[in-house]
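Structure assessment
Okay, here's what each chain looks like letter by letter:
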Amino acid sequence: MMEERCWITTEPLKVEEVTKRVIRREAGAINTFIGTVREFTKGKRTLYLEYETYKEMAEKKLEQIAVEIEKQWPSAQVVIAHRVGRLDITDIAVMIAVSTPHRNDSYEASRYAIERIKEIVPIWKKEHWEDGEEWIGDQKEVRPGVPLKEEIK
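Here we summarise the structure given alongside this text. (Residues numbered from 1 in each chain as written. Predicted model: local features only at pLDDT ≥ 70, side-chain atom pairs only at ≥ 80, totals over all residues. Heavy atoms only, no water.)

**Regarding the nonpolar core**
Ranked by internal contacts, the top residues of the largest apolar core, which has 26 residues, are Ile 69, Ile 80, Ile 96 and Ile 117. Secondary structure elements with two or more residues in this core: strand E1 (6-9), strand E4 (44-53), helix H2 (55-72), strand E5 (77-83), strand E7 (92-100) and helix H3 (103-120). Top contributing element to this core by residue count: H2, with five residues. Beyond its immediate chain neighbours, meaning those up to four positions away, Ile 96 contacts Asn 31, Thr 32, Phe 33, Val 78, Val 79, Ile 80, Ser 110, Ala 113, Ile 114 and Ile 117. Trp 7, Val 22, Ile 92 and Ala 97 belong to the second-largest nonpolar core, a separate cluster that totals nine residues. (Core = buried A, V, L, I, M, F, W, Y, C linked by side-chain atoms within 4.5 Å. Buried < 20%, exposed > 50% of the residue type's maximum accessible area, 1.4 Å probe, protein only. Helix = DSSP H or I, 4+ residues; strand = E, 2+ residues; numbered from the N terminus. Contact = heavy atoms within 4.5 Å.)

**Re the environment of Asp 131**
Counting through the fold element by element, Asp 131 comes out in the loop between strand E8 (123-129) and strand E9 (132-137). Judged by relative accessible area, which is 63%, Asp 131 ranks as exposed. The sequence separation of Asp 131 and Leu 47 amounts to 84 residues, and the corresponding C-alpha distance is 9.8 Å.

**Looking at H3**
Over its 18 residues, H3 runs 26 Å from end to end, which matches the ideal 26 Å to within 8%, given 1.5 Å per residue. Within the sequence span of H3, burial applies to Ser 106, Ala 109, Ser 110, Ala 113, Ile 114, Arg 116 and Ile 117. In a view along the axis of H3, the buried residues occupy a sector of 165°, so they form one face of it. Every exposed residue of H3 that faces more than 90 degrees away from the buried side is listed here: Tyr 107 and Arg 111. The inward-facing, buried residues of H3 contact strand E2 (29-36), H2, E5 and E7. (Expected span 1.5 Å × (residues − 1). Arc of directions from axis to C-beta.)

**Let's talk about the packing of aromatic side chains**
One pass over the full model with this rule turns up one aromatic pair. Ring geometry for Trp 73 versus Tyr 112: centroids 5.7 Å apart, planes at 65°, classification edge-to-face. On the criterion of sequence distance, the pair formed by Trp 73 in the loop between H2 and E5 and Tyr 112 in helix H3 is long-range, its members being 39 residues apart. When the ring centre of Tyr 48 is taken as reference, the NZ or CZ atom of Arg 86 above it lies at 3.6 Å. (Phe/Tyr/Trp six-rings, centres within 6.5 Å; stacked < 30°, edge-to-face > 60°. Lys NZ or Arg CZ within 6 Å of the ring centre and 35° of its normal.)

**A look at the pairing of E1**
Of the two faces of E1, both are covered, the one formed by Cys 6 and Ile 8 as well as the one formed by Trp 7 and Thr 9. Pairing geometry for E1 and E5, over four bridges, is parallel. The partner of Trp 7 across the bridge, within E5, is Ala 81. (Pairing = 2+ DSSP bridges.)

**Examining the sheet that holds E2**
Pairing within the open sheet is mixed, and its four strands lie in the order E1-E5-E7-E2. Two strands lie at the open edges of the sheet, namely E1 and E2, each paired on one side alone. Averaged over all neighbouring strand pairs, the angle between strand axes comes to 10°, with direction disregarded. Here H2 sits on the sheet and contacts E1 and E5; the angle it forms with E1, its principal contact strand, is near 150°. Each of E2, E5 and E7 touches H3; the most contacted strand, E7, lies at about 145° to it. (Axes fitted to C-alpha atoms, helices over the stretch in contact; angles between N-to-C directions.)

Listed below in structure tokens is the structure:
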């Protein structure tokens, strides 16, 4: 049975588990991007974040990104995982692991993956601060609130 390469989970993401899925003999480079919850954003102290998603569509979009990477970098192998639910400061929210024969391709493919996640994957973030909370909207923060989520249902 083949392990899944793109998934959404409520469980903590494990660096070694994600990375080992792209290790292979022909790969001379593995780039692992780890996105964590930071304490300060735009001068405001964050207490924790909540991520919500439309899981089935989000996983399809993550798979779409993996396919796009394979077309642009044919020698690449990619794994993408995103956590949802309540995440505390320093928790891992997203992991991308890309292996390629040469390092430049792994860097480029990894950067491509995180930018595409923010563009097309239906995941919404709610920030909780000391003095309030707010749905930030899509991950590029260009749509306020959560209207996209409501449009999908």
